[in-house]
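# Architecture and fold: a report
Here are the chains, one letter per residue:
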Amino acid sequence: MTPAIKCLILLAVVAVLFITEMIPLAMTAISASIACFALGLIPAEQIFIGLADSTVVLFGGMFVVGASMFYTGLAQKIGGGVVRMFGRGENSLMFGIMVIAAIMSAFLSNTGTTACLIPVVMGICAHAKIPASRELMPLAFAAGLGGTITLIGTPPNILANVALKAAGMADLQFTFFEYAYIGIPITIAGIIYMMFIGKYLLPKDSSDLNFEVEEEVFSNEICVRKQFICACIMIGVIGSMATNIIPLEIAAVVGAVVAVLTGCLTEKQAYNSIDWVTIFLFAGMIPVASAMNTSGAGKLIAEVTVGFLGGNPSPYAITAVLFCLAVLLTQFMSNTASKALLCPVGIALASQIGASPKAVLMAVLIASSCAFASPVGTPPNTLVLGPGGYKFMDYLKAGTGLVVVCLVVSIIVIPIVWPFFPAN
């Protein structure tokens, strides 16, 4: 049995366990990384390499920084201001949260944006007496959608330009705001979907979580000086992330250390604020994503799918199939890996029929950012897993419809903006 087949079988088992939750999600993820070694897909030293991944470190740091906003009462104060601006209605708050998250993610890291806004949204929910599960998933989805608006919205966006240059098509590279032609429409469509359809697919029973957080916060003495210090820490962290002065994970860890040293929360509170399910879930899936890439499993899926297109497929068929393939892959492997894998395939297929590759590439880019149907597809989804009290099926229910919306909008908009056969 080839390594690629072994990896695909493992992935199928992991998917079933994620969906059924026969064992806890974090245990499934860690077991999957061990299984990768047992099957010979990764060396022993890579089994737990995910625990040292920069994104996992970022998660830990931002959990502490976010908790400091609660323990000082800053999150509740900001939440109260947002509630006064948008009202207490679930729809109006969802609209405000998603718009803010999408705009920030267009220019900042969508992971950093989500991490920074989670405590604010929790404060909003506590103030408005709304379960956190009703607003945190829309936050994560909006961050993912906003990342499609610019070249830097999500770092892997630039991989299309790398692939074009490697193929000798540097003159066709995408410009900074060119992504906005499709990014803005799918962001608007995504917000509308969540407000009128997606919200009915979100769980409603996490009110106990809000109560526990709120009770714990207000049982502590709230000091205005500490709120000011906490605000400065958050501004410093966001500023560092926005300007790339230092790496995201370093900014988060420094912020966490300063929050403890200045008394915004105690050391024990800092340790307790880290959601270890999120840490181990994401860390455990990193070796699996690596195995998909190195074993050739991802490439095999692409080759088989492309084979079904036949000898002379239409550009619409190519675009739709690659979109669906990228969406499938990105639920379990990083969008960087899925884009790196499929961009060259898209260029080759477009060249085969004499079409411009830009439309096909843009479909791959957008689809690879549509990791909405799984908690491990993208860091923002993983970040809200614990605070929102979500299960795997919650992402599948609410996220699948959003993926379909993005597909429909993409199939309509992309060929209009980037014609398959542009006039000379």
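What counts, and where the lines are drawn
Residues numbered from 1 in each chain as written. Predicted model: local features only at pLDDT ≥ 70, side-chain atom pairs only at ≥ 80, totals over all residues. Heavy atoms only, no water. Helix = DSSP H or I, 4+ residues; strand = E, 2+ residues; numbered from the N terminus. Expected span 1.5 Å × (residues − 1). Buried < 20%, exposed > 50% of the residue type's maximum accessible area, 1.4 Å probe, protein only. Arc of directions from axis to C-beta. Axes fitted to C-alpha atoms, helices over the stretch in contact; angles between N-to-C directions. Parallel < 35°, antiparallel > 145°, perpendicular 65-115°, else oblique. Left-handed = near helix turned anticlockwise from the far one by under 90°. Contact = heavy atoms within 4.5 Å. Nonpolar A, V, L, I, M, F, W, Y, C, P; charged D, E, K, R; others polar. pLDDT = per-residue confidence, 0-100. Core = buried A, V, L, I, M, F, W, Y, C linked by side-chain atoms within 4.5 Å. Phe/Tyr/Trp six-rings, centres within 6.5 Å; stacked < 30°, edge-to-face > 60°. Polar contact = N/O pair within 3.5 Å; in protein donor to acceptor, adjacent residues only side chain to side chain. Patch = residues over 30% accessible without salt bridge, like charges linked within 9 Å, V, L, I, M, F, W, Y side chains within 5 Å. Areas by Shrake-Rupley, 256 points an atom, 1.4 Å probe, with all protein chains shown as cover. Salt bridge = Lys/Arg side-chain N within 4 Å of Asp/Glu carboxyl O.

## Some points on helix α1 (residues 3-20)
Helix length check: α1, at 18 residues, gives a terminal C-alpha distance of 26 Å against a target of 26 Å (1.5 Å per residue), a fit within 8%. Restricting attention to buried positions, one finds in α1 the residues Ala4, Cys7, Leu10, Leu11, Val14, Ala15 and Phe18. Each buried residue of α1 lies within a common arc of 145° when the element is viewed along its axis, so the set occupies one face. Glu21 sits one or two residues past α1 and shows a positive phi near 55°.

## As for the packing of helix α3 (residues 54-71) against helix α19 (residues 379-388)
As a packed pair, α3 and α19 sit with axes 11 Å apart at the nearest point and diverge in direction by 40°. Taken together, α3 and α19 sit at an angle that is classed as oblique. α3 and α19 meet at a crossing whose hand is right-handed. Contact residues: α3 offers Thr55, Phe59 and Phe63, while α19 offers Pro379, Thr382, Leu383 and Pro387. Looking at the contact of α3 with α19 residue by residue, the classes come out as 5 nonpolar, 2 polar and no charged.

## Focus: the confidence of the model for the protein
Per-residue pLDDT for the protein has a mean of 82; in total, 91% of the residues score no lower than 70. Mean pLDDT in the protein bottoms out at helix α10 (residues 207-218), which sits at 46, and peaks at helix α9 (residues 180-196), which reaches 95. Taken as a whole, residues 207-221 scores under 50 in pLDDT and shows 21 contacts with residues more than four places along the chain or in a different chain.

## Things to note about the nonpolar core
Ranked by size, the top nonpolar core spans 137 residues in total, and within it Phe18, Met62, Leu136, Phe174, Ile182, Met241 and Met362 carry the most contacts. By residue number, the principal contributor to this core is α3, which donates 11 residues.

## Brief notes about the packing of aromatic side chains
To describe a pair of aromatic rings, you give the distance between the ring centres and the angle between the ring planes. In total, this model carries 7 aromatic pairs according to the counting rule given. Between Phe141 and Phe372, the aromatic rings sit 5.2 Å apart at their centres with planes inclined by 65°, giving edge-to-face as the arrangement. In this pair, Phe141 is assigned in helix α7 (residues 136-146) and Phe372 in the loop between α18 (357-368) and α19, connecting sequence segments 231 residues apart. Its relative accessible area of 0% is what places Phe141 among the buried residues. Residue classification places Phe372 among the buried residues on the basis of a relative accessible area of 2%. Arranged with centres 5.6 Å apart and planes meeting at 45°, the rings of Phe174 and Tyr179 form a pair that is tilted. Each member of the pair Phe174 and Tyr179 is classed as buried. Grouping aromatic residues by their ring pairs yields a cluster made of Phe174, Tyr179, Tyr181 and Trp418.

## Things to note about the side chain of Ser33
The residue Ser33 is located in helix α2 (residues 25-38) in this model. A polar atom in the side chain of Ser33 sits 2.6 Å from the backbone oxygen of Ile30. If near-sequence neighbours (up to four positions away) are discounted, Ser33 is found in contact with Ile42, Ile47, Gly284, Pro287 and Val288.

## Some details on a nonpolar patch on the surface
On the surface, Ile184, Ile188, Ile192, Phe196, Ile197, Tyr200 and Leu201 cluster together into a nonpolar patch covering about 700 Å² of accessible area. Tracing the chain through its elements places Leu201 in the loop between α9 and α10. For Leu201, a relative accessible area of 33% translates into the label partly exposed.

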